[in-house]
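Results of the structural survey
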Amino acid sequence: MSALEASPVLAALVGGSAAAAATAAGTLPALFAKGIERRTQDTLLGFGAGVMLAATAFSLVLPGIDAALSQGAGAWGAGLLVGLSILAGAALVMAMDRAVPHEHFIKGPEGANWPRLRRTWLFVFAIALHNLPEGLAIGVAYATDIGRGHALATGIALQDIPEGLVVAVALIAAGMARVPAVLVGVASGLVEPVGAVAGAAAVVALPLLLPIGLGVAAGAMLFVVSHEIIPESHRQGHEKFATAGLMVGFVLMMLLDTALG
């Protein structure tokens, strides 16, 4: 048995760090690129949404129901437990969304009104709120099964590459210099290993939390997809391209989960 198999928390740290590294790698072309078309950005955002949707279904919800069944819950009980956990996860991120001041690249400012904060920090907070559910999902997935964790971490890392580029380019378009924009984009991914370790540690400490943790992570990701990514990618008239990206991302994550999970 390898060290990663023996310690889900360590495996979650590695998986979350890989996702953060993918975000960092994605930001680097922004040092040289003049910019990317809005249509391309929306397609990439759609791709990320597709990956997250498939990860929610195949890596979180279905394993969560299986975990509840294995702990003795009936079919209705397992579905209800995971369903309520999904709603709790969405409510948690919604509360954070309202409490933490942040600004989206298209939708504008949301959350508490902290006028003294620089606009760039509002963008940073928005990115962190987006990435935290991804990290939590990676951690809980590793606590479930090492192969499932690998599949989810791989899928999220793949979607983090274009996401990192979009973030850095958008920061530059908002007036930030190239090097600081890239550094902020790199830093935005650091919340993922933190969330991954927290998610895995909670489930390892209390195994009965496994189906609840999977459901909460699923709800958090669904909220981000519906509240953040899809509105961002559908506001410039590029719905067809964003939807095409979503479909490709969904199928790719489904294949990864089938092959690696």
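Before reading on, note that the structure itself is shown above.
Everything numeric in this text was worked out from a predicted model, so none of it was measured.

Regarding the overall build of the protein chain
- When helices and strands are counted, the protein chain shows ten helices and two strands.
- Reading the protein chain from its N end, one meets helices and strands in the order α-α-α-α-β-β-α-α-α-α-α-α.
- Buried positions account for 48% of the 261 residues belonging to the protein chain.
- Carbon and sulfur atoms form 72% of the exposed surface of the protein chain, whose accessible area is close to 11,500 Å².

Focus: the layout of surface pockets
- Approximately 160 Å³ is the volume found for the largest pocket.
- In terms of lining residues, the largest pocket is bounded by Leu92, Leu136, Val140, Ala198, Gly199, Ala202, Val203, Leu209, Ile212, Gly213, Val216 and Ala217.
- For the lining of the largest pocket, the secondary structure elements donating two or more residues are helix 5 (119-144), helix 8 (191-205) and helix 9 (210-233).
- Counted by class, the lining of the largest pocket contains ten nonpolar, two polar and no charged residues.

Digging into the pattern of salt bridges
- Using the criterion set out here, one finds three salt bridges in the structure.
- With its nearest N and O atoms 2.8 Å apart, the salt bridge here joins arginine 38 to aspartate 42. Of this pair, arginine 38 and aspartate 42 both sit in helix 3 (residues 38-70), four residues apart, roughly one helical turn.
- Looking at arginine 38, the relative accessible area reads 24%, which means it is partly exposed.
- For aspartate 42, a relative accessible area of 0% puts it in the buried group.
- A salt bridge links arginine 148 to aspartate 257, with the nearest nitrogen and oxygen atoms 3.6 Å apart. Taken together, the residues arginine 148 in helix 6 (residues 146-173) and aspartate 257 in helix 10 (residues 239-260) connect sequence positions 109 residues apart. Take arginine 148 and aspartate 257: they sit in the same class, and that class is buried.

A closer look at the environment of isoleucine 161
- Mapped onto the elements, isoleucine 161 comes out in helix 6.
- When the C-alpha positions of isoleucine 161 and alanine 25 are compared, they lie 6.3 Å apart, and in sequence the two are 136 residues distant.
- Residues in contact with isoleucine 161, not counting those within four places in the same chain, are Ala22 and Gly26.

Section: the nonpolar core
- One finds Leu60, Ile138, Leu152, Met221 and Ile229 to be the most contacted residues of the largest nonpolar core, which totals 42 residues.
- Elements with a minimum of two residues in this core: helix 2 (8-27), helix 3, helix 4 (75-99), helix 5, helix 6, helix 8, helix 9 and helix 10.
- Setting aside residues no more than four positions away along its own chain, leucine 152 makes contact with Ala55, Ser59, Leu60, Ala137, Ile138, Ala141 and Met253.
- Among the nonpolar cores identified, the runner-up in size contains six residues, and Ile127, Val167, Met176 and Val184 belong to it.

So, how was this worked out
Residues numbered from 1 in each chain as written. Predicted model: local features only at pLDDT ≥ 70, side-chain atom pairs only at ≥ 80, totals over all residues. Heavy atoms only, no water. Helix = DSSP H or I, 4+ residues; strand = E, 2+ residues; numbered from the N terminus. Buried < 20%, exposed > 50% of the residue type's maximum accessible area, 1.4 Å probe, protein only. Areas by Shrake-Rupley, 256 points an atom, 1.4 Å probe, with all protein chains shown as cover. 1 Å grid on protein atoms, 1.4 Å probe; cavity = no way out; pocket = protein on both sides within 12 Å on 5 of 7 lines; lining within 4 Å. Points joined across faces, edges and corners; volume = space filled by probe spheres on them. Nonpolar A, V, L, I, M, F, W, Y, C, P; charged D, E, K, R; others polar. Salt bridge = Lys/Arg side-chain N within 4 Å of Asp/Glu carboxyl O. Contact = heavy atoms within 4.5 Å. Core = buried A, V, L, I, M, F, W, Y, C linked by side-chain atoms within 4.5 Å.

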